[in-house]
Each structure stands twice: as structure tokens, then as C-alpha cells.
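Topology and contacts: notes
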There are 4 protein chains.
Amino acid sequence: MLNVTVIGGSGYTGGEVLRILSSHPGARVVHVVSRTHAGKPVGEVFPNLRQCCEAVFCEPDPSRYLPDTDVVFCCAPHGTAMGIAREIVGKAKLIDLGPDFRFRDPAVFEEWYGKPHEAPELAQEAVYGLVELHASEIKSAGIVGNPGCYPTCSVLALAPLLAYGLIDPESVVIDAKSGVSGAGRSPGLAYHFPEVNDSIRPYGIPGHRHTPEIEQELSRLAGRQVKCSFSPHLVPMTRGILVTCYARLLGWPEVGSDRAGAAGSRDIRDTGDIIALYREYYEFRPFVRVLGPGELPHTKAVYGSNFCDVTARVDPRTGRVIAMAAIDNLVKGAAGQAVQNMNVMFGLDERTGLYAPGLYP
Amino acid sequence: MLNVTVIGGSGYTGGEVLRILSSHPGARVVHVVSRTHAGKPVGEVFPNLRQCCEAVFCEPDPSRYLPDTDVVFCCAPHGTAMGIAREIVGKAKLIDLGPDFRFRDPAVFEEWYGKPHEAPELAQEAVYGLVELHASEIKSAGIVGNPGCYPTCSVLALAPLLAYGLIDPESVVIDAKSGVSGAGRSPGLAYHFPEVNDSIRPYGIPGHRHTPEIEQELSRLAGRQVKCSFSPHLVPMTRGILVTCYARLLGWPEVGSDRAGAAGSRDIRDTGDIIALYREYYEFRPFVRVLGPGELPHTKAVYGSNFCDVTARVDPRTGRVIAMAAIDNLVKGAAGQAVQNMNVMFGLDERTGLYAPGLYP
Amino acid sequence: MLNVTVIGGSGYTGGEVLRILSSHPGARVVHVVSRTHAGKPVGEVFPNLRQCCEAVFCEPDPSRYLPDTDVVFCCAPHGTAMGIAREIVGKAKLIDLGPDFRFRDPAVFEEWYGKPHEAPELAQEAVYGLVELHASEIKSAGIVGNPGCYPTCSVLALAPLLAYGLIDPESVVIDAKSGVSGAGRSPGLAYHFPEVNDSIRPYGIPGHRHTPEIEQELSRLAGRQVKCSFSPHLVPMTRGILVTCYARLLGWPEVGSDRAGAAGSRDIRDTGDIIALYREYYEFRPFVRVLGPGELPHTKAVYGSNFCDVTARVDPRTGRVIAMAAIDNLVKGAAGQAVQNMNVMFGLDERTGLYAPGLYP
Amino acid sequence: MLNVTVIGGSGYTGGEVLRILSSHPGARVVHVVSRTHAGKPVGEVFPNLRQCCEAVFCEPDPSRYLPDTDVVFCCAPHGTAMGIAREIVGKAKLIDLGPDFRFRDPAVFEEWYGKPHEAPELAQEAVYGLVELHASEIKSAGIVGNPGCYPTCSVLALAPLLAYGLIDPESVVIDAKSGVSGAGRSPGLAYHFPEVNDSIRPYGIPGHRHTPEIEQELSRLAGRQVKCSFSPHLVPMTRGILVTCYARLLGWPEVGSDRAGAAGSRDIRDTGDIIALYREYYEFRPFVRVLGPGELPHTKAVYGSNFCDVTARVDPRTGRVIAMAAIDNLVKGAAGQAVQNMNVMFGLDERTGLYAPGLYP
């Protein structure tokens, strides 16, 4: 039985880690750290956890929680994990749900988050925790940078296209739509119910901080530097991310020509071919569900679950492929993926405590 | 391992039974019956169940599903269960999620549902499946009438007040609010998104069909015939029921008097006294969470779970008590309660496969 | 052409006053006061008003805005209007959208708002601005206390029943449901989108501050002191209030008896009789629409309009009448009603600039 | 005073025409045609119109409504207008809110709508009713094909970029998001509240019927044949369309180069330059509001109004421009635009009866 400490346990991702671990057969929460709520029962802050989680928030003092901790989930704001990582390493494994350990190159962190990395040597050996791409490295990692919600969904949508060399990497456009829980639990006018409800808005265009994270992974898949357009939107829903990705199929005739095309290194002629490749690529990845030609991903189908639903369509009129994916931003996009990483890091089946359907409707 | 057959498995309650049973350690679904969808994989109708439920819908032929079935969940429209009950009885247990077996008196069914009961002798021996009130009868029942969503929430809110004789039974007013999934999965103008979204509406006032079911249970608690006002409202949310119940405290001075009062057979002087009684009443009922004086039930706190959050307030200005409760209409109000009944009927701990927190937010 | 100054113009009610006046043929906004936003164009704070309202927020200095102002709309938090009323009176008319001038008895204000009234002599001569009940007093008022959103809806729902003496005034229970804009534009966890969306919650039970305002008006209608239960709920919608009111019909046989009853001073035997009385009572009130036996009020039907939809049902089983009403809390419950008051105070037709349908859907 | 007949008056666009015309100073509704609802008062079908529209639905008999009609709004399903157009032409003007008269080339209609055009000679002389682009032709048109909701928003977002030759026309990707009222008032599982609420889904990818309409207009602006990707999404909101459009800036260095670029025939170096061009292009178009560098369009800002909010951003990292626009699909995307067309066709100021702010929040 793994002993887990959750730091920053009073935000949405922290609460979701507690929820998932409350029925995990191989792990138990021993400490929940929150400076703000120290002394309060967890159930007062997360009403769903009443009677289900007996923990009481405690102060952020590593000398108290580290001795009996196997793994630390850091759910605190960016900048927290890099400040405590050196203290944790060697004593417990660290899974950071923030961005501190997502970038191989600490300079990228510095550029996009506006502050120097405090533990660059650890950043370089940390592993990017997208199990679908990096399971073997994660297995032996001491620190895992748990992917951001948008990057998780975007990279899973596009990975097969880049891995098989089917698209022009410079042509990638990612139009992303997120539920409001992705913005965290701190209230603000932008997330005030009457401002958000019944309305959709773009934000952070261009230049959202998840862009370099997406580009890091797309570049690794493409084997060359990739720059893409990434545009997030706020949707009036609680949970969920949907990405709609556009890219030009390689080897496809110029738009406007009538000749049928065949893309890339594989002979891709239509949607059926693309879907077959996606199925091949994700064959042994239990949390990726590749949808057939009659179904499109939507966020309700993954609500509350760790699944990523993904599919793609070839548009012969324009020579583009449109790849789409949906996740629950708090599960596969945060807490569920963190538990999946824990499972892999400790030799458990990656599905342990996670492989269950979400709610519908 | 119990073998389960789900009839009418393509509606919301059927889908929810499948979802819950997909991670139940002591039961497995062997047949899912749906005339409409016979031949289709369940995951095509419930996208959350893709990869989680391998079943394929089959035709409604008892000779096919009864031989290897221990318990039948009937999730079909009212009138279905009473037509097939005689065939099932003796071969398998029957849990009907419709109203056919909720009334001790078949004449009440006939009056409110406008058709004669087809198996009145079975109706009389069926047990009303509110585990919190009738666990011992359920244990030995062959047929359980699984309570309606509104009655579940209303009765749990009011039970301690009537059981302890604190209120005037004639004074009970129940104002209920429900999410739209309570209306089922058949589309109609009244549930068309643009008509429902961002709006609240009352319906079926007075005379909703859940009224006699509520009154049957309140009458049993009160030990006399009770008639109450019950008013349902449609709220722009997917899941959840909240009831706000009003009743006059017995022994309380007339409204308008300044003298402090003491209600009923127990000395009830304030909200704290009432909450203490609720805690006593529900002490051994794991799915009822009695909230303290600083918290009120809301549907998000029970979203996707089998819990019922309940509390009450004394209003000394008016001499009334206001009792409130919240459930997820598809879980504690339908499928979860059905599984809870199954657990009790087969000697399992009632919490098996059910005792987990819901989603928040 | 009336010259209007709006104080506290950056909240939802202030914005709504600006919206409505932007197409009012007999009034124009000359000053919009907001300490926070002084210097900013109104369209930056209310994106709907871009190009439609050329005003720029100015500092709260009466010597600047009073000289060319005919009427002041005070949309600032409670306590503001009573502090500036003496300065305004005699120079301009004052319509306060807060509670300062709603109570005939300043002691009631003090009791419920926890501070002494700063202008009690003005409070006593101010008029409660519910045009449907007090049009003739409003006509000559210098200060109007614009009714709260809940009281507007509750009093309009119940007025005919009390005016005609049909119900026991002590039996009134008001269960109210409101959209989130009623809580104002200041963000807070309780109104953070993910906390509110897809959920309903009661709050302020018992003891919401709108209770004494409702009781003041019900008492005037009943000709005696009335105390009622009033329970507000927060509904996941932007605008709208629905009230469901319960009361015991006088002269109706005890519940449980089979004898048909006849209530009160009029011979009320069924819903048709009650509706006929409502139609008679509201015959000359253009903004009250009395719905027939086939329709119930819902908030979408009044969205963005100044109408109040109202109806009632007799429940012969329980001897109760259930009265229901719906308004848009920001229009008939605040800004629209304020403009309606302005129209009456300045001798315009009360419908001027207001008599238009809301949006549907 | 213009006499208006509305055909197909029981859907959402028909209801919206009635709402807008109910306060139009220069037009009045004389007939509302609906086979389904013939004989019913309009207020029974559109509860917002109670007391605001005295009309009664009548049968679809041109000999009854044409004699006193100046202009017909056809809000019926596609295929209706082309069947009755010959009868109307010469007697009244026709504004078709469906697709029958949107295509210069009847073959395009046939290809995308799967049936031959029944009045191809009229289709060729009909005018595409986007006032912002075609005001002078609309002025003298006998038949106007009122643009679709998605095309209106997409074309207004992209027009300046193509008109000034700033982008590669082959690179255009339009990611569109719509509220559910765009799907009409006929219920179906895809629009059933519990299926839509709290979820976002793509649909019709690729190949939505609004694609050729968008391409027709983009091609006219570009002066050459344009093919674009157009992907619609269903958002859990009642009204509103947001489009996010991506295109490659011409003359911009290849992605990945560090050299700053200058796009197209104008010297476009940054977002400020683009916005200045948009302001120039839309200077005399009252319903297009060009937002500055600190604001992005969102649907709530145009809710219930005829405005289109639009802006663009240059992304120097990728050499792309991102153009965004928001409208209310039922107003500027349907009924409001139709009334704007009527105004222009009859020599009224295009703003008549339309120039008012929407609701906020």
C-alpha cells in the first residue's frame, strides 16, 4: 500500500486526487497539505468527500509528512514544486501537477513563466508524464512533470499524424475548448457565473503558456522543431476539454486540384485509413479510445473518467486532416493522469483505480 | 458473483445501472435487454461505457435471459414490470425501477397511473425499496419496487420529523427541484436545450404522480393518513434533486407570539436540537449524511454518488421547520438505490460497489 | 427629455438601467457615477453597451451631477442612498434600487441590516415603488424605494389572494428560486462558475433580508401583521426569479375531508375561479400577465423584459392554493421597475421605453 | 408603415422576427403563417410575445396574405421559399431566411442540398443579403437570400483580410462554435438537454452545408476561387456564434525564421496594424464593432443584439493571423439581419428598430 501526500490539496486538482485515491486499492492518502485550510477536515472544503475522506488538512512542513510518504502529489501553483523538490528527491517520488517539471529545457520554463527555474538540474532529469508516449522513462523517474490539460489532449490528438510523418508539422493549428474548472478554484470576474454562463470566449490568443509544452512534445514526435498555433476558449461547462486540430496532409495535391491524393509515408486516402493508423498507434494504450467514422469525441463521453476519446477525418476538398480529442481536464488532464503516472512509477498496472466509466449524462 | 439482467437498458436509469455494475465487485451484467437497440454494442448507446461494458443489447425474451440470471433490474417504462413479474418470480429476484411495485395498495397505482394493475397479488407482497426505512423487509423480498427519485429525497428529508412526532402531518409542503435527466432520454420540446437552459419552470402542479408514493411513506411514518402538497420544478441542470420541505412544529406557540416554543414529544428548541435528532435517526445509515448548522445540502455535493445530504432548520419566527435534502436522481434516486437494494437482498454489505464520493465540481 | 444620473453604475443593476435608458424615448443618461471606474468609457465595463452608450464614468461628486439632473437612480450597495438622500431631495427625484428606502419603519431597516438609518425622516416619507400596488403615491413621491427582486415577485404572486381575503395569512410559505445575477457582479466562491453550474442550492434559510420587505407588503394587503416563511435558492441560470407560494384557503374544509370547499369571501371552488380573480385584480396593470389554466410561469418567458407572469392553482386534495410568478430579476426586479417608477413619477405612461417582449429562447 | 407577412412563424427565427418587429417603428406584422399552429394566438407558441403580439397564426394561402403584404419573411425550412417565390415576386419583396436564394449558382444549391432548384432564374437574380458587403445591390433587390448564421460571422471576421489581400486564401481554417438555438426548435436526441448540457461536441466535420456559402463570399472577396476548412461545434448555450479563423499572412517569413515580417499589400507588422485596417474597412458599418487589442469577442457581449463584434491578432511566432467574431445567431445571424435587409430594401436607415444593446449579463 503506497502512502501518498497531497500538497496544495484544496484546489480542484487536489480535490480530484483525493477523490480518485479514495477508491484506489493500492494507495492511501496519509497527509493533505494546505496552509489556508490547516486544521479543517477535508470534507468541509470538498463536500463530495464528506464521510469518504477522513483526512484533516495540515501545515506544509516536509519534516512532518516526508517520513511516511512514498509519493508526493504537488497540486500547488506553479513555482511551488521546484522550491521543495530537492528536499523530496531521494526520500519520496514527486509528481508535480504544475508546470515546473514539464520542460526538458529550463530556459523554456523561464521564458514562458517569467522566473528562473530554481532546480534546473532536476528539471533536466524529470520525465514528462504522458504515459501514452513515455511509459518506460516514467517507470524509473524520480520526478514526473504531469502534463497540462491542453497539452495532454492536443498531443494525444496529433501524435499518430506526426509519428507516422503524415502531416506538415508547420501547418498545425489547435483550436481548444475548455470547461471552467481548468481555471482553478480562485474566484474572479472572468469566472463569475453570470459572466461565463451561456457564452463562449477565446482568451490568451496568441501566446497561452501551454503552447511551448505542446510544441516540445510535437517536436519530439516530428523529430524537428515544430511551432503551432494554439487558441484556447472558455466554454460554459464545468469539466472537459475538446481540441480540434488542423494540419495539411503531406503528399496531398494542392487544394483546388481534382486529383485524389495520398498522404505521407503511408498510403492515406481517406478517413478510414487514418482511423486505422490511430488504432494501430494506440493499440496498447488502455485510456485512449479511438472512435470510428460514425462518432466524434465530445466531452460528456469522458466526464469524470481518465479516458481520452480521439479520432480524425480527412477532408479531401482541402487536403487537410482534422484530428479531434476530448478529455476530462481534471482527470486525464490532471489528477487521473497523475495517478496513472504513480501506477507506472510503482509498477502497478496503469489502470489500477482508474479504469472506470465516467458519468453519462 | 451475481448475474444481472437489465431490461430497458437504453434509458438513463438503465445506463446508470450498467455504469455502477461495471465496477461492482460482486455482480456482473450478463444480459442487457432493449428491443430498440437489439444487436448494438452498449457503448454505441452510452458513449461513457465504450471499452467498459462489452455487452450487446438483446431482444426481450425471458426464456433467453432468465436461465442464468439471479436478479433482474427493470428500467423500462411503467407498466412493463407488472407484465413480466409473474414469469420472473421464483426464478430470479426483481428490482423494478418503475412505479409498478411501489404501492401496497394496487388501487392507488390504478388511480394515479390510469390503468389496472396486472399483478395485484405480487404488488401486495412487493417491498418498497427505501433501504433506510425498510432494510429488513427488503432482505427477504422477491420483488422490490425501487422508489421514485422525488419520493426518495422527500421521505429521507422528512422521516425523522414524522418518526419522532415533531410536526403536524397535515402541514407538510414539499417544494422539489430536479435536473432534466429525471425526465428520461426521450426528446421532447419541454426538454429541448434552448427551452430549458437558463430557465426554471414548475410543472405538474398540483397532482404529480410521485405524490401518492410520498404520502404512502409519510403516512407509515406518521401512523396516520397524510396528505401533502408536492410541487416539482425543472432546473437547468443534468442531474440532481433538491427538496425544501416545510412543516409546522407541534407544540410551538402560534405564529406571531413572542414566547419561545418547544416542539413535539422531544424538547426541540432550535436547529441544533433538530440536527441532533437527524443524526440519531440516521446513525447507521451509511448513505445519509446529516449536515450541521453551517451547511445546506446542494446537488453538486452528491453528483454521481449514492449519498443523500440532509439537514433541517427551525424558524422560530414562524414556528416552522424547514427540512432539506439533496440526491443524484439517477444514483440514489434510481440506479444506485437499485444496486443498494440488490446488495441487501443478496446479503452483501449495502455499500458494496456504491460507497464512493461523487464528482466535485 | 428627462436627465438621468446613475450612481453605482458598474454593477449589474446599474448596467441594466443604462441598457434600458439607451432606448427610452423620454429620458437620457447624463452622468454615470462610479468611483472604481471613473474615467473609463461605459462600454469597457459593459461590453453590450459599446457604441450604444457614449457615457464615461465619473466621480461621485453631487455638485457635478446634480445641477443638470432630474432624477437619480442609486444602484450602489445598501447604505449609500441614505447617506446622500438629503443632498438630493429638493433638487432631483431619487429612485434607490437598494433597501434604504423600502421600509416605512426605519427600525425594521436597522434590525435587518444591522445599522441605524441615517435619514429616518426621509425613509418615512419615501414610497415603496411597486407600481402595481402604489401607483398613486409614487406619482407624487420625491424618493422611491425600488422593491427588491424577491419581494417584487412574491408580492405580485400573492397580492390578489390577500386583497380578496382568500387565504390564512399565517399559512404563507414562499419558496423562491433565483438566477445568479441577483447576487451582483462581485466575484466570490459561492458564485464561481464551477461551483454553481449544474447544481441548485438553498441559502439564507431562514432569515433572508428580503423577508421583512415581503412581510411589510403582505401585511398591508392583509390588513394585519403577517409573518411568512421565505426560502431563496440559487439556480444555475443568469437571470430570472420564480416563486412558488403556498397558502391555506380560508373556508376550505379540513384536509382529509371529502367535502368540496369554498374559500374566503368570494366563492372560490377551483383554479378557474382563482385565475378569474387574478385577471380582475391585475386588469389595468400592463406588466402583469395572468396565465390561464394551461400555462405555468417560467423565467425564460420573461427573460430581458419587465413583465411578471403569474398564475395560481387550487389543490382540492390539500385545501391549499399554490401561486406562482416569474420575473427577470434585473428588469422587473430592479432596473426595469426603477424606470417604470420614473415614468410614473414624471407623468409618463408607465410603459414608456419598457413595453417590449423579452428574448425567447 | 410596411406590412409584413412571416411564413414559418413558429420556429425560432420566425419568433425572433416577430419579436424584433413588435417594436419596429416602420413595419407591422399583418400575417403569421404556420400550417401546424393555424388558429392559435402567437403568444401561445412564443410565451415572450404574450400581450406584445396580437397576431393569430393562419394557413399558408398566398391569396390571403399577399394582397396587403409589402414584404414576406420566409422562415420555413429549406425548399419552401423556392416553391413560392414566383408567386410572390412582383407583388411583394421576399426575404428568405433559408438557403434557397443564397447561391448565385443554382448548381451549388443542388450539390449541397441534394435537390434541384425550383426557381433557378430567380436564384440568379437574388441578392446575398449581407448588408455590410452588398448594400447597394440589396437596395434594389426583389429577393434577398438572408445569409446563414455561420457564414455571416465567418465572412465578417475574414472580409478585411481578403479584401486587402493580406492572407493566403488557401490557408483559411474556420473553427466555429454555436449555441443550440441554431439547430432550430424541433426536438431530437442531439439537442435533448441532458445530452447537450455541460458538454461540447463537433459535428458535420468535414462537409457542413454552410461551407459553400462561406466559400462563395470569400471567393468574391479574394477575386479567386477559395476553399476553406469549416468546422462547427455545438456549445451548451442558447444563443451565440463565435468563430476563430486562422490564415497565413502573405509576405510573412516562413515559420521558424526569426526575421520580423510584413504581410501583404499593406505593411502589416502587428496586431495594431490589423485592427486599424479592420476599423477602416468597417468604418461605416454600424453593426460591426471592431474591438481593440485589449478585448476579444465573446457571445455574451452581443446576446440579443444585431451587432457583430470582431477583431484579429497577428501571431509573429507562426506567421498567422487569427480573426475572431461573435454574433447572436438568431439576430445578426437570422432575424435581425433579415430586418436590416428589409430596412435597406425599403429605403429606411438600416439601423431602424435594430440599433439597441443586447442583454448583459
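Residues numbered from 1 in each chain as written. Chains lettered and ligands numbered in written order. Predicted model: local features only at pLDDT ≥ 70, side-chain atom pairs only at ≥ 80, totals over all residues.

Side note on the relation of the copies chain C and chain A
- Turning chain C through 180 degrees and shifting it by 0.0 Å along the axis lays it on chain A, with an RMSD of 0.0 Å. With respect to symmetry, the two chain copies, as superposed, fit the operation of a two-fold axis. Rotation axis and chain C: the residue whose C-alpha lies nearest the axis is F193(C), separated from it by 2.1 Å.
- Same-surface contact between copies: 100% of interface residues of chain C are shared with the interface of chain A. (Least-squares fit on C-alpha atoms with pLDDT ≥ 70 in both. Contact = placed C-beta atoms within 7 Å.)

Re the sheet that holds strand β8 (residues 173–178) of chain D
Residue and element names in this part refer to chain D.
- The 7 strands are arranged β9-β10-β8-β11-β14-β13-β12 in an open sheet whose pairing can be described as mixed. A single partner strand is all that each edge strand has here, and the edge strands are β9 (201–202) and β12 (288–290).
- Bridge analysis of β8 against strand β11 (residues 241–248) gives 6 bridges, and the strand direction is antiparallel. Note on β11: the bridge partner recorded for A176 is V243.
- Together, β12, β13 (308–315) and β14 (320–327) form the strand contacts of helix α11 (residues 271–281), whose direction differs from that of β13 by roughly 150 degrees. (Pairing = 2+ DSSP bridges. Helix = DSSP H or I, 4+ residues; strand = E, 2+ residues; numbered from the N terminus. Axes fitted to C-alpha atoms, helices over the stretch in contact; angles between N-to-C directions.)

Let's talk about the domain arrangement of chain A
Residues and elements named next belong to chain A.
- Domain parsing of chain A yields domain 1 (2–125) and domain 2 (150–329).
- The interface is formed by 8 residues belonging to domain 1 together with 7 residues belonging to domain 2.
- Broken down by element, the side of domain 1 that touches domain 2 gets its largest block of residues, 3 residues, from helix α5 (residues 106–113). (Domains from an automatic or database assignment.)

Quick look at the pairing of strand β8 (residues 173–178) of chain A
All names here are of chain A.
- For β8, the tally of buried residues reaches 6 of 6 residues, placing the bulk of the element in the interior.
- The alternating pattern of β8 places V173, D175 and K177 and I174, A176 and S178 on opposite faces, both of which are buried.
- Alignment of β8 against strand β10 (residues 229–234), held across 6 bridges, turns out to be parallel. If you follow V173 over to β10, its bridge partner there is S229. (Buried ≥ 20, exposed ≤ 12 C-beta atoms within 10 Å, placed from the backbone.)

Some details on the interface of chain D and chain A
- Each partner contributes residues to the interface: chain D has 41 residues there, and chain A has 41 residues.
- For the side of chain D that touches chain A, the secondary-structure elements that each account for two or more residues are β8, α9 (193–196), β9, β10 (229–234), β11, β13 and β14 of chain D.
- Here the residues of the side of chain D that touches chain A are counted per class, giving 18 nonpolar, 11 polar and 12 charged. (Nonpolar A, V, L, I, M, F, W, Y, C, P; charged D, E, K, R; others polar.)

Here we look at the relation of the copies chain D and chain A
- Of the two same-sequence chains, chain D is brought onto chain A (RMSD 0.0 Å, axial shift 0.0 Å) by a rotation of 180 degrees.
- Mapped onto chain A, 100% of the interface residues of chain D again fall at the interface, so both copies present the same surface.

Brief notes about the interface of chain C and chain A
- Contacts between chain C and chain A engage 14 residues on the former and 14 residues on the latter.
- For the side of chain C that touches chain A, the class distribution of residues is 7 nonpolar, 5 polar and 2 charged.

What about the sheet that holds strand β4 (residues 71–74) of chain A?
Residues and elements named next belong to chain A.
- The parallel open sheet is built from 7 strands, whose spatial order is β3-β2-β1-β4-β5-β7-β6. The sheet is open, and its two edges are formed by β3 (57–58) and β6 (127–128), each paired on a single side.
- Pairing analysis gives 3 bridges linking strand β5 (residues 93–96) to strand β7 (residues 143–145), with the strands arranged parallel. Bridging across to β7, I95 finds its partner in V144.

A few points about the environment of T5(D)
Residue and element names in this part refer to chain D.
- Residue placement: T5 occurs in strand β1 (residues 2–7).
- With 25 C-beta atoms packed within 10 Å, T5 lands in the buried category.
- Sequence separation between T5 and A38 is 33 residues, and the spatial gap between their C-alpha atoms is 14 Å.
- When neighbours within four sequence positions are excluded, T5 is seen to be in contact with V30, H31, V33, Y65, T69 and V72.

Considering the environment of N48(C)
- Mapped onto the fold, N48(C) is located in the loop between α2 (42–45) and β3 (57–58).
- Note: C-alpha distance between N48(C) and G15(C) (33 residues apart in sequence) is 9.3 Å.
- In this view, N48(C) contacts R19(C), A301(D), S305(D), P357(D), G358(D), L359(D) and Y360(D); residues no more than four positions away in its chain are not counted.

Describing the pairing of strand β14 (residues 320–327) of chain A
Residues and elements named next belong to chain A.
- Among the 8 residues in β14, 8 count as buried, and that is most of the element.
- Burial of the side chains of β14 extends over both faces: R320, I322, M324 and A326 are buried on one face and V321, A323, A325 and I327 on the other.
- Pairing between strand β11 (residues 241–248) and β14: 8 bridges, direction antiparallel. Across the sheet, I241 pairs through a bridge with I327, a residue of β14.
- Where strand β13 (residues 308–315) and β14 come together, 7 bridges link them in antiparallel fashion. Directly across from D315, in β14, lies its bridge partner R320.
- In this antiparallel pair of consecutive strands, β13 and β14, the connection spans 4 residues, and G319 shows a positive phi of 70 degrees.

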